[in-house]
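Spelled out, the chains give:
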Amino acid sequence: MTANGDGKHKTMKLTLHVWRQKNRDDEGRFVTYEAKDVSPDMSFLEMLDVVNEGLILRGEDPIAFDYDCREGICGQCGVVVNGAAHGPRRATTCCQLHMRSFHDGDALTIEPWRATAFPVVKDLIVDRSAFDRVIAAGGFITAPTGNAPDGNAILVPKADADLAMDAAACIGCGACVAACPNASAMLFVSAKVSHLGLLPQGQPERSRRVLAMVAQMDEEGFGTCTNHGECEAVCPKEISIAFIARMNRDYLKALALARAESKASAGGG
Amino acid sequence: MELKSNVPSGPLAQKWTKHKFDMKLVSPANRRRYTVIVVGSGLAGASAAATLAELGYHVKCYCYQDSPRRAHSIAAQGGINAAKNYQNDGDSVDRLFYDTVKGGDFRSREANVHRLAEVSLNIIDQCVAQGVPFAREYGGTLTNRSFGGAQVSRTFYARGQTGQQLLLGAYQALERQIGLGTVEMFARHEMQELVLVDGRARGIVTRDLVNGKIESHAADAVILATGGYGTVFYLATYAKGANTTAIWRAHKKGAAFANPCFTQIHPTCIPVTGDHQSKLTLMSESLRNDGRIWVPKTKRDARSPDEIPEDERDYYLERKYPSYGNLAPRDIASRAAKEVCDEGRGVGPTGLGVYLDFHEAIQRLGEDTIRERYGNLFEMYERITDENPYRVPMRIYPAIHYTMGGLWVDYNLMSTIPGLHVLGEANFSDHGANRLGASALMQGLADGYFIAPCTIGHYLGSNKLEPVTVEHAAFREAEAQVAARAKRLLGIRGKRTVDSFHRELGHVLWENCGMERSQRSLEAALARIPELREEFWRNVTVPGSGEELNQSLEKAGRVADFLELGELLCLDALERSESCGCHFRTEFQTEDHEAKRDDANFCHVAAWEHAGEGKRPVRHVEPLEFETLTLATRSYK
């Protein structure tokens with residue numbers, strides 16, 4: 001065929017050590033499987049699909065793992081491969097990781113996200129509803145349907161819009177939490193706080209938002225941030241830890257304002 | 001079964017305004033007495049659930065994923081249309097309306113489409129207010145780009161993540177309501193059955209996907225916003241979990257299914273690499289703003305693209321359709337790609353591919369500008385194919401992407417089952433036989449933010465509803481049916497996996513009911529699908545039990561429904577003896593191989609009524625009349 005096309009690639013054989021856990025209360029253990037005839041063009045999850053087809057036909061329990069879009073945008077997939085959340089490739093979800101990133105004979109350890117705030121549901125599937133609760137606490141702009149002004153009535157400087165978009169790109173996968181030694185969710189929370197805080201529409205609630213989201217984040221049992229930077233390294237959307245710094249400033253300012261207000265309403269200093 | 005569109009009287013441009021005044025209301029104090037169920041949390045579902053809750057209704061919302069933000073609306077890349085005319089290039093509500101009706105090849109309901117164009121303006125305003133980070137000009141105003149089927153620049157976008165950003169706006173509004181306690185959210189729950197009491201939709205039965213529990217939920221009205229059914233073809237650009245189950249179950253309980261064969265094939269997707277392929281990945285139509293599509297002029301040209309000089313390249317869309325060029329609508333662009341590949345001029349290892357080339361755009365605009373516009377899409381392409389689109393042209397091929405067909409709805413977005421409303425891609429109606437790019441996002445939000453909240457109020461305000469609880473016999477019966485079905489699937493313990501049946505069904509449909517359909521191919525599919533279905537129920541193997549998280553059982557239920565829908569799809573294609581939009585019957589084409597409509601006999605919606613197990617469904621017809629437009633041959637030359 002054309003030179004742009006690939007020839008037939010050699011297939012690979014890999015050894016997989018996969019975390020199996022029946023349910024939340026089961027202790028769990030690693031089980032070893034063989035993945036044969038793995039094509040380099042297969043995605044990581046397609047490789048697991050093939051392993052599962054084999055397990056099903058042998059009457060064994062297939063490996064449960066989360067996925068949906070298989071194109072790196074929904075944030076539902078997420079496994080730790082050889083210690084790296086989403087695997088070895090930078091800025092790539094595990095559903096977009098392709099087997100050409102590995103070699104014939106490789107051994108892969110595959111585990112779920114590990115964090116107190118993300119309890120295991122089954123095998124590689126975890127419960128990330130903590131993220132939704134953090135958003136419910138303040139990750140929004142209060143704008144009930146119907147009362148919006150014309151789209152161009154609010155001018156947004158291009159630089160602010162672009163930076164807000166950088167922060168808004170977060171897909172809520174939780175890799176940041178999984179990679180952090182403290183299981184901190186600061187990258188996730190700061191991404192949303194920054195996205196909304198950078199826009200004029202987000203100003204009225206800016207202080208409320210950061211205080212409420214951080215409070216919820218703490219209540220969920222995520223750890224604190226001690227500047228390891230592991231989160232940024234594994235983030236599939238390359239969200240920057242500069243947003244964490246930005247949120248810290250926002251938070252301190254909001255805290256100071258809240259104290260000043262409560263002093264004032266208590267009858268002056 | 002009667003199909004009453006309930007389109008209001010009066011001039012087209014005033015119908016919706018008049019209707020909003022004429023519709024019944026529910027007073028604020030009374031709203032909290034009503035519960036509305038919303039199945040699906042994508043653009044249409046999340047926006048409807050959030051808005052209804054803001055108005056004061058109690059809402060229960062369901063999604064099969066682990067969070068409402070995972071809905072596949074999130075994957076839409078390119079943009080959302082609105083007739084703002086910010087670019088001063090001649091856009092207007094009327095033009096968007098006309099482009100959409102023409103784009104749909106005159107097979108949509110005129111009044112619905114006009115309303116869609118009208119509310120498109122409000123959608124942009126609402127999204128901006130929520131903080132959707134749309135792209136901006138240096139002066140701070142919103143910027144636009146062009147999309148297929150339009151000669152104006154009316155598409156608003158947020159880099160290559162417009163779907164995610166719009167969905168996050170709706171999701172965040174939804175979470176605010178969840179935090180306030182007005183919406184009860186049931187993530188990892190899948191609807192298994194619709195429950196009717198006295199002929200009205202009064203609730204659903206769900207399976208908790210974590211522990212397998214079957215539960216009933218009662219309501220005063222039910223909304224299905226569960227997306228499209230394109231995964232019946234197995235390989236499609238949809239999420240793996242996308243399915244037809246909610247609307248199919250409703251169809252079997254009496255909701256007419258309209259134009260099921262109107263399935264859209266998107267021209268720019270990454271080609272298949274092997275049998276292991278689990279889905280196809282879309283390359284946004286926005287790329288066609290700057291990329292040029294071509295194949296070599298010679299058959300089986302094995303040279304690499306940079307070795308092929310300009311005069312030996314066939315920029316076939318520019319050649320065939322000079323006014324629209326590379327932005328010809330999707331059905332036309334897809335068929336044109338198939339044509340050149342069938343001639344032996346396709347590229348790539350399988351010969352099923354055409355080039356989408358940015359070389360000229362990079363020369364003209366510089367790599368930095370291209371990176372800014374399409375950066376994340378280029379990265380996605382490279383991850384999947386290991387080829388660098390800044391250096392070599394992208395290879396693309398058409399793939400199933402959207403379904404214009406869906407449950408039939410009237411002007412109030414209510415199905416033939418009283419109380420059952422259907423929003424977004426799950427319904428038929430606005431896009432006719434072909435959807436224009438950047439219109440799906442527009443329709444989902446139009447339905448959810450601005451239409452359903454009014455029409456649900458109208459339904460509740462117009463009908464006296466007896467209180468119903470989950471103790472009602474209809475719920476018990478439905479739960480028993482769901483449990484029996486699961487038990488049956490688990491008990492078969494055959495020799496073939498669910499996926500193997502799904503793949504085969506998808507292959508049969510793609511080959512026989514894909515880009516080109518003929519009486520012969522459709523009859524072949526109609527013979528094969530029942531055989532495959534019969535084998536499924538005899539020979540599928542579903543491991544595990546129903547009392548735990550069981551992804552195979554989830555898939556089995558969805559594929560069982562696909563094995564029925566697939567047949568209806570082919571039947572619909574066979575009965576529609578014309579070509580229009582995405583539906584191309586080889587027997588009905590012009591001399592230049594374009595779709596040949598038969599307006600005299602087929603200017604209607606085909607709405608199918610389920611007639612019982614094993615019985616041939618009944619085809620009803622809603623004639624389509626266009627009061628403001630003359631039916632034209634759809635030409636993009």
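Residues numbered from 1 in each chain as written. Chains lettered and ligands numbered in written order. Predicted model: local features only at pLDDT ≥ 70, side-chain atom pairs only at ≥ 80, totals over all residues.

Thoughts on the sheet that holds strand 16 (residues 406–407) of chain B
Residue and element names in this part refer to chain B. The four strands lie next to each other as 16-10-18-19, forming an open sheet whose pairing is antiparallel. The open sheet terminates on both sides in strands that have one partner only, identified here as strand 16 and strand 19 (618–623). Two elements, strand 10 (residues 257–258) and strand 16, share two bridges in a ladder whose sense is antiparallel. Bridge pairing in strand 16 places F257 opposite L407. With respect to the sheet, helix 16 (residues 551–575) is in contact with strand 10, strand 18 (604–609) and strand 19, its orientation differing from that of strand 18 by roughly 140 degrees. (Pairing = 2+ DSSP bridges. Helix = DSSP H or I, 4+ residues; strand = E, 2+ residues; numbered from the N terminus. Contact = placed C-beta atoms within 7 Å. Axes fitted to C-alpha atoms, helices over the stretch in contact; angles between N-to-C directions.)

Remarks on the pairing of strand 8 (residues 214–218) of chain B
Of the strand pairs in this sheet, strand 7 (residues 200–208) of chain B and strand 8 of chain B are connected by five bridges, and their pairing is antiparallel. Across the sheet, residue V205 of chain B finds its bridge partner in strand 8 of chain B, namely S216 of chain B.

Comments concerning unusual backbone geometry
All names here are of chain B. For N85, which is not a glycine, the phi torsion comes out positive at approximately 55 degrees. For N85, the location among the structural elements is in the loop between strand 3 (80–81) and helix 4 (93–103). Positive phi outside glycine occurs at N88, with the angle close to 60 degrees. Along the chain, the position of N88 falls in the loop between strand 3 and helix 4. Accessibility expressed as a C-beta count within 10 Å gives 8 for N88, which makes it exposed. (Buried ≥ 20, exposed ≤ 12 C-beta atoms within 10 Å, placed from the backbone.)

Re the confidence of the model for chain B
The predicted model of chain B has a mean per-residue pLDDT of 95, with 100% of residues at 70 or higher. On the interface metric, ipTM, the complex scores 0.95, and its pTM is 0.95. (pLDDT = per-residue confidence, 0-100.)

A closer look at the sheet that holds strand 7 of chain B
Residue and element names in this part refer to chain B. Across the sheet, three strands lie side by side as 6-7-8; this open sheet has antiparallel pairing. Only two strands of the sheet have a single neighbouring strand rather than two, namely strand 6 (189–197) and strand 8. Taken over all neighbouring pairs, the strand axes of this sheet differ in orientation by 30 degrees on average, direction set aside. Contacts between helix 13 (residues 473–491) and the sheet are confined to strand 6, strand 7 and strand 8, with strand 6 contributing the most and set at about 140 degrees to the helix.

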